[in-house]
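Architecture and fold: a report
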Amino acid sequence: VSAKTVPNDIEFSLPDLKSRMASNIVFQLHEISDDEKQLVLQQRAAKRGMILNDEVAVYLLQHHPRKFSNLLSILDKLDKESLVQQRKLTIPFVKDVLNQ
């Protein structure tokens, strides 16, 4: 179960449900920072045999949606195109691929 607030602050229609939800472990998740996103993208690229340098990674974060699932989709697309075209990940290459 996920919510934007802790179980005690939620108005459940059933009192029993509120007590059960309140008795569970609560984890608070934070969105990762841009620096962390950059590091994860670079690590994922490296696992695929690509080099995603800082300049290209920063370009992706500055010019494309920062939602992490979008960034991973972009990395998938870049991986496929870099294999097809036998090119390294550079800003001009990234622009060409993502503007197609």
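In case you missed it, the structure is sitting above this.
What you see as residue numbers is a count from 1 along each chain, following the sequence as written. Residues qualify for local features only when their pLDDT is at least 70, as the model is predicted, and side-chain atom pairs are given and counted only at 80 or more; totals for whole chains, interfaces and linings, by contrast, use all residues. Hydrogens and water molecules were not included; the side-chain quantities draw on all heavy atoms of the structure.

Some words on the side chain of Gln38
The criterion, for reference: The way it works is that DSSP assigns letters per residue, a run of H or I at least four long becomes a helix, a run of E at least two long becomes a strand, and they are numbered from the N terminus. Three labels apply to residues, based on accessible area from a 1.4 Å probe with only protein chains included: buried if under 20% of the type maximum, exposed if over 50%, partly exposed otherwise in between. Here a polar contact is taken to be a pair of N or O atoms separated by no more than 3.5 Å, where protein atoms must pair a possible hydrogen donor with a possible acceptor and residues adjacent in sequence count only if both atoms sit in side chains. Residues are treated as being in contact if the distance between any of their heavy atoms lies within 4.5 Å.
Tracing the backbone through its elements, the reader meets Gln38 in helix H2 (residues 34-47). What makes Gln38 buried here is its relative accessible area of 12%. In this structure the side chain of Gln38 is engaged in a polar contact, spanning 3.1 Å, whose partner is the side chain of Asp54. Among residues more than four places away in sequence, those in contact with Gln38 are Asp54, Ala57, Val58 and Leu61.

Looking at a nonpolar patch on the surface
Selection rule: To count toward a patch, a residue needs a relative accessible area over 30% and no salt bridge; like charges are then connected within 9 Å, while nonpolar side chains (Val, Leu, Ile, Met, Phe, Trp, Tyr) are connected within 5 Å. For accessible areas, the Shrake-Rupley method is used with a probe of radius 1.4 Å. Any residue's cover is judged against the shown protein chains and nothing else. A side-chain nitrogen of Lys or Arg and a carboxyl oxygen of Asp or Glu constitute a salt bridge if their distance falls within 4 Å.
Where nonpolar side chains cluster on the molecular surface, the patch consists of Ile25, Phe27 and Leu29 and spans about 450 Å² of accessible area. Looking at the secondary structure, you find Ile25 in the loop between helix H1 (15-22) and H2.

Considering the nonpolar core
Note the threshold: Nonpolar cores were defined as sets of buried Ala, Val, Leu, Ile, Met, Phe, Trp, Tyr and Cys residues, with membership established by side-chain atoms within 4.5 Å.
Counting 20 residues, the largest nonpolar core has Leu41, Leu52, Leu60, Leu78, Leu89, Val94 and Leu98 as its most contacted members. Secondary structure elements with two or more residues in this core: H2, helix H3 (54-63), helix H4 (68-85) and helix H5 (91-98). In this structure, Leu89 is in contact with Met50, Ile51, Leu52, Asn53, Val56, Leu78 and Ser82, ignoring residues within four places of it in sequence.

Some points on unusual backbone geometry
Leaving glycine aside, a negative phi is the common case for residues, and trans is the common case for peptide bonds. A positive phi angle is found at Gln86, which is not glycine, with a value near 55°. Summarising the element assignment, Gln86 is placed in the loop between H4 and H5. Given a relative accessible area of 65%, Gln86 falls into the exposed group.

Description of the packing of H2 against H4
What counts here: Interaxial angle, 0 to 180 degrees, is taken between N-to-C directions of lines fitted to C-alpha atoms, where a helix line uses only the stretch in contact. Roughly parallel covers angles under 35 degrees, roughly antiparallel covers those over 145, roughly perpendicular covers 65 to 115, and oblique covers all other angles. Left-handed describes a crossing whose near helix is turned anticlockwise from the far helix through less than a right angle; right-handed describes the clockwise counterpart. When residue character is reported, Ala, Val, Leu, Ile, Met, Phe, Trp, Tyr, Cys and Pro are called nonpolar, Asp, Glu, Lys and Arg charged, and the others, Gly included, polar.
Close contact between H2 and H4 brings their axes to 11 Å; oriented N to C, the two are set at 30°. By the criterion of interaxial angle, the relationship of H2 to H4 is roughly parallel. In this structure, H2 crosses over H4, and the sense of that crossing is right-handed. Of H4, the residues touching H2 (which contributes Lys37, Val40, Leu41, Arg44 and Ala45) are Phe68, Leu71, Leu72 and Leu75. When the residues that make up the contact of H2 with H4 are grouped by side-chain class, the tally is seven nonpolar, no polar and two charged.

Description of the pattern of salt bridges
Taken as a whole and assessed by the stated rule, the structure comprises five salt bridges. The salt bridge involving Lys37 is made with Glu31; its shortest N-O contact spans 3.1 Å. The buried category is assigned to Lys37, whose relative accessible area is 2%. Through salt bridges with shared partners, a single ionic network connects Arg48, Asp76 and Asp79.

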